[in-house]
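Listed here are the chains, written in short residue letters.
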Amino acid sequence: MQKKIKLKGSSYWDRRKPINKKRKMKEAVRSIDSFSKRRPINKPLGNKHSISRDNTSNYISSRTSSSNRYLPDIIEKRYLFMIIVIILVFTGIGARLVQLQVLESDKYSEDLVASTVRIVEGESAPRGRIYDRNHKLLVDNKAVKTIYYKKQDGVTTKIELDLAYRLAEMLDIGYSKLSNRMLKTFWYKSNKEKAQDKITKEERQLYNERKLSSTDLDNLIYERITDEELSVYDEVGKEAAYIYYLMNKGYSYAEKIIKNVDVSDSEYAIISENIDTLNGVNTKLDWEREYLYGDVFKSIFGTVSSSTQGIPAELVDYYLENGYSMNDRVGISYLEYQYEKYLKGTKAQYKITDGNNYELVSEGKRGNDIVLTIDIELQKYLEERLIAEVLATKNERNTKYYERSYAVISDPRTGEVLAMAGKQIKQRDNGEYYVVDYTPGVITTSVTPGSIVKGASMLVGYKYGAIKIGQYHSDECIKIKATPEKCSWKYLGYINDIYALAFSSNVYQYKIAIGVGRGNYQYDRALRLDEDAFNKYRDMYASFGLGVKTGIDLPVESLGYMGKSKLPGHLLDFSIGQYDTYTPIQISQYINTLANDGVKLQPYLLKEVYEAPDDNNNKFGEKIYNSEVVELGRVDVGGEYIARVKEGFRAVVSYGLGTTYMGNYRNIGAGKTGTSQSFIDTDGNGVVDTETITTSFVGYAPYDNPRMSIVVISPDVAEAGTDTTSGINKRLTSDMVNKYFELYG
């Protein structure tokens, strides 16, 4: 077998060229001749390298004929491979086309529409309604006819001036709010050449030298517009001037309300009929909140921004993060803000067609309806009684500094607020008194509670072993060195814990505080107490809801004031409710916790939420929320001690200082009166300078299965050092307890 050799001169690129058979044969022969000349052919080269010219020729001939023999097969295989590849490619393309045009046609059609069709939203939809616990409608929406202006492209100042005159002829606007500056602006825009003539050459030169600004020039023009020049405007001209101001108030791209109060049917109709010629003036039916019970509970309902106001600056970040637009109408205070997520409506959506017209895509829908825990009949009666009582009290003796009272009625079993109100009295310049709503003060204003907290103070004594159930103490005055005597309102004798609560002994609480503070009391001697006693009292009070936020479902809530001093005398003051201050809603949570055997519940106002009904025949749609009782904690003390305090509160109403506070239900009521020293700033210099008396009452009924609780507080109701104190709390609680049982049996 002949060995194959690599021909000299053959390179990689030579092998890459198409084979020329004749040329290759000549090159092979030439190479053999050259080899023969260098070394004789007949000279042996050894077996390994021996080669002959004939063998080489035979090898090349063999390779050539072999290549020729298999070439058609190679070409056929390559064509077959190409055909298979082409079939596979077109099969893949076909499958993809089927997927796109058949299987996923709807999806991609929607994507195409979404990318090519512009969808815009309409005006803010009406909000959900608000009902009371008995499904009485409290807050609704009412349609408001509105005439507005939105500047169009190409509208010039002259067009706007002419438009203002046209509107003045069509509408009864009035110009009582027209200022001199507004009228000068109207003259300036109407007489630009005359206005510019009021600037001297020297002043223009200073402007060119950048020593005066365009604002400086405008101010000079305004100063030089004379009353005589303004006198040319009659009634219609002044109305036109005010309308022009309304048309240009705020951002140029925003809608400007021209009139939305007392728009007559004829005014609405004439504008609607002439929209095509009024260059941006249009009509729409807007909405506003309607309060079916007037001002009753209105401040806690909260407010909604107007269509011109949109989102207030202080709430922009919050609402924009939640997907709102700047011109959306939103809840901005109290319940409207707290439950915006339920009350907001769904805006209508429109598709902008090729003709720049609007095609409705989805209709707007008003928001969900919310049901409150409030009983509007009880709330209404409470507010009526408060208004009458604060006016009557202000006309009593010794009420120079009195100005407000608060009341809260709730269900201690659930935490539901049934009614709450605050009323404040003010005085007009002519000396006449009038009353304004101050209900937000129930959750934002703190008061000195007085003796109503003695129930919690008594439990501190039980818990830390300062007293035992039924223990007796003498009610003599306490005196710490270099301080005035501290006494009860009168000497009560040798008394036990129940009697101490029934007749509100201060001294009994002082002695408990000394025991909690591990003090060694001697009359008129220095007293040292463990400062940790303050924490023991505050922890117990907090477990009832005093000095901590209650968690009521409103966006604002105050904590009250916490004293900083740790003096022994201040601990004694603390124990009788004359040191830290608390809000009325905290005090309501306190009495509820006691009535509920030491279980603290979260107070709340939202009871249910319903979707808006699909038709007008149904009052509500599907219920989407139902409130649940939320337990916040339990008082860390034995049940027998809580029962003992409740027995003391029962004694207050049965034969103690609170016998006339529970109306006709004294026999089933329990409660506690309170009187405290308060201090106020009477001259507004930031320094308290006058001592006053604050009175309070907390109660619940029936005492063995409480269904209602009540809190009434009247800060600064009397001047200190006098023997006359108004009975406003007694009258209010008595009336409200009677009203509750009249409604609920």
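Everything numeric here is computed off the predicted structure, so don't read it as measured data.

When you go through the protein residue by residue, the secondary structure sums to 26 helices and 20 strands. The proportion of buried residues among the 745 residues of the protein is 44%. Expressed as a percentage of contacts within the protein between residues at least 6 apart in sequence, the contacts between residues at least 24 apart total 70%. Entry remark: accessible area of the protein is about 39,900 Å², with carbon and sulfur atoms responsible for 49%.

Time to look at the state of the cysteines. Throughout the structure, instances matching the rule amount to one disulfide. The disulfide partner of cysteine 477 is cysteine 487, and the gap between their sulfur atoms is 1.9 Å. The chirality of the disulfide connecting cysteine 477 with cysteine 487 is right-handed, given an S-S dihedral of about 115°. Residue cysteine 477 is found in the loop between strand 12 (473-474) and strand 13 (494-495), and its partner cysteine 487 is found in the loop between strand 12 and strand 13; the two are separated by 10 residues along the sequence. Overall, the relative accessible area of 26% leaves cysteine 487 in the partly exposed class.

Our next topic: empty space enclosed by the protein. Enumeration over the complete set of coordinates arrives at one cavity of 30 Å³ or more. Counted as a void, the largest cavity has a volume near 50 Å³. Along the walls of the largest cavity sit Pro412, Gly415, Gln589, Asn592, Thr593, Val599, Leu601 and Pro603, which together make up its complete lining. Elements with a minimum of two residues in the lining of the largest cavity: helix 24 (584-595) and strand 14 (599-601). It is helix 24 that contributes the most residues to the lining of the largest cavity, three residues altogether. Of the residues belonging to the lining of the largest cavity, the class tally is four nonpolar, four polar and no charged.

What follows concerns the nonpolar core. By size, the foremost hydrophobic cluster in this structure holds 86 residues, and its most contacted members are Phe297, Leu605 and Phe649. The greatest single-element share of this core, amounting to seven residues, is contributed by helix 21 (residues 506-516). Apart from the residues lying within four places of it in its own chain, the contact partners of phenylalanine 649 are Ile452, Gly455, Leu501, Tyr590, Ile591, Leu594, Ala670, Gly671, Lys672, Val698 and Tyr700. Among the nonpolar cores identified, the runner-up in size contains 40 residues, and Tyr149, Met182, Tyr222 and Ile258 belong to it.

When a strand is regular, its side chains alternate between the sheet's two faces. When strand 2 (residues 130-131) meets strand 3 (residues 137-149), the two strands line up antiparallel, connected through two bridges. Bridge pairing in strand 3 places tyrosine 131 opposite leucine 137. The loop that links strand 2 with its antiparallel partner strand 3 comprises five residues; one of these, histidine 135, has a positive phi angle of about 65°. Sheet analysis places strand 3 next to strand 5 (residues 281-291), joined by 11 bridges and oriented antiparallel. Bridge pairing in strand 5 places valine 144 opposite aspartate 286. Where strand 3 lies against strand 4 (residues 256-259), three bridges are found, and the strand directions are antiparallel. Bridge assignment links tyrosine 148 to a residue of strand 4, and that residue is isoleucine 257.

A separate point is the packing of helix 19 (residues 454-463) against helix 21. It is at 9 Å that the axes of helix 19 and helix 21 come closest, and there the two elements cross at 40°. Relative to helix 21, the crossing made by helix 19 is left-handed. Seen from helix 19, the contacting residues are Lys454, Ser457, Met458, Val460 and Gly461; seen from helix 21, they are Asn506, Tyr508, Gln509, Ile512 and Val516. In the contact of helix 19 with helix 21, the residues fall into five nonpolar, four polar and one charged.

Along helix 9 (residues 214-224), the residues classified as buried are Leu217, Leu220, Ile221 and Tyr222. Contacts from the buried residues of helix 9 go to helix 6 (180-190), helix 7 (192-196) and helix 8 (201-208).

Between its terminal C-alpha atoms helix 25 (residues 639-654) stretches 22 Å, which fits the 22 Å expected from 16 residues at 1.5 Å a residue. The inward-facing, buried residues of helix 25 abut helix 19, helix 20 (497-502), helix 24, strand 18 (670-680) and strand 19 (690-701).

What follows covers the packing of aromatic side chains. Under the definition given, this model contains 32 aromatic pairs. Here the aromatic rings of tyrosine 131 and phenylalanine 620 are separated by 4.8 Å at their centres, their planes lie at 65°, and the arrangement is edge-to-face. Separated by 489 residues along the polypeptide, tyrosine 131 in strand 2 and phenylalanine 620 in the loop between strand 15 (606-610) and strand 16 (623-626) bring together distant segments of the chain. For the residue pair tyrosine 131 and phenylalanine 620, the accessibility class agrees, reading buried in each case. Here arginine 181 stacks its cationic end above the ring of tyrosine 222, 3.6 Å away from the centre of that ring.

Attention shifts here to unusual backbone geometry. That bond from alanine 701 to proline 702 is cis: its omega, -15°, falls within 30 degrees of zero. Phi at histidine 135 takes a positive value of approximately 65°, unusual for a residue other than glycine. If you trace the backbone, histidine 135 turns up in the loop between strand 2 and strand 3. Even without a glycine there, the phi angle at aspartate 597 is positive, about 60°. One can find aspartate 597 in the loop between helix 24 and strand 14.

What counts and how
Residues numbered from 1 in each chain as written. Predicted model: local features only at pLDDT ≥ 70, side-chain atom pairs only at ≥ 80, totals over all residues. Heavy atoms only, no water. Helix = DSSP H or I, 4+ residues; strand = E, 2+ residues; numbered from the N terminus. Buried < 20%, exposed > 50% of the residue type's maximum accessible area, 1.4 Å probe, protein only. Contact = heavy atoms within 4.5 Å. Areas by Shrake-Rupley, 256 points an atom, 1.4 Å probe, with all protein chains shown as cover. Disulfide = S-S within 2.5 Å. 1 Å grid on protein atoms, 1.4 Å probe; cavity = no way out; pocket = protein on both sides within 12 Å on 5 of 7 lines; lining within 4 Å. Points joined across faces, edges and corners; volume = space filled by probe spheres on them. Nonpolar A, V, L, I, M, F, W, Y, C, P; charged D, E, K, R; others polar. Core = buried A, V, L, I, M, F, W, Y, C linked by side-chain atoms within 4.5 Å. Pairing = 2+ DSSP bridges. Axes fitted to C-alpha atoms, helices over the stretch in contact; angles between N-to-C directions. Left-handed = near helix turned anticlockwise from the far one by under 90°. Expected span 1.5 Å × (residues − 1). Phe/Tyr/Trp six-rings, centres within 6.5 Å; stacked < 30°, edge-to-face > 60°. Lys NZ or Arg CZ within 6 Å of the ring centre and 35° of its normal.

Function cannot be read off these values alone, since they describe shape.
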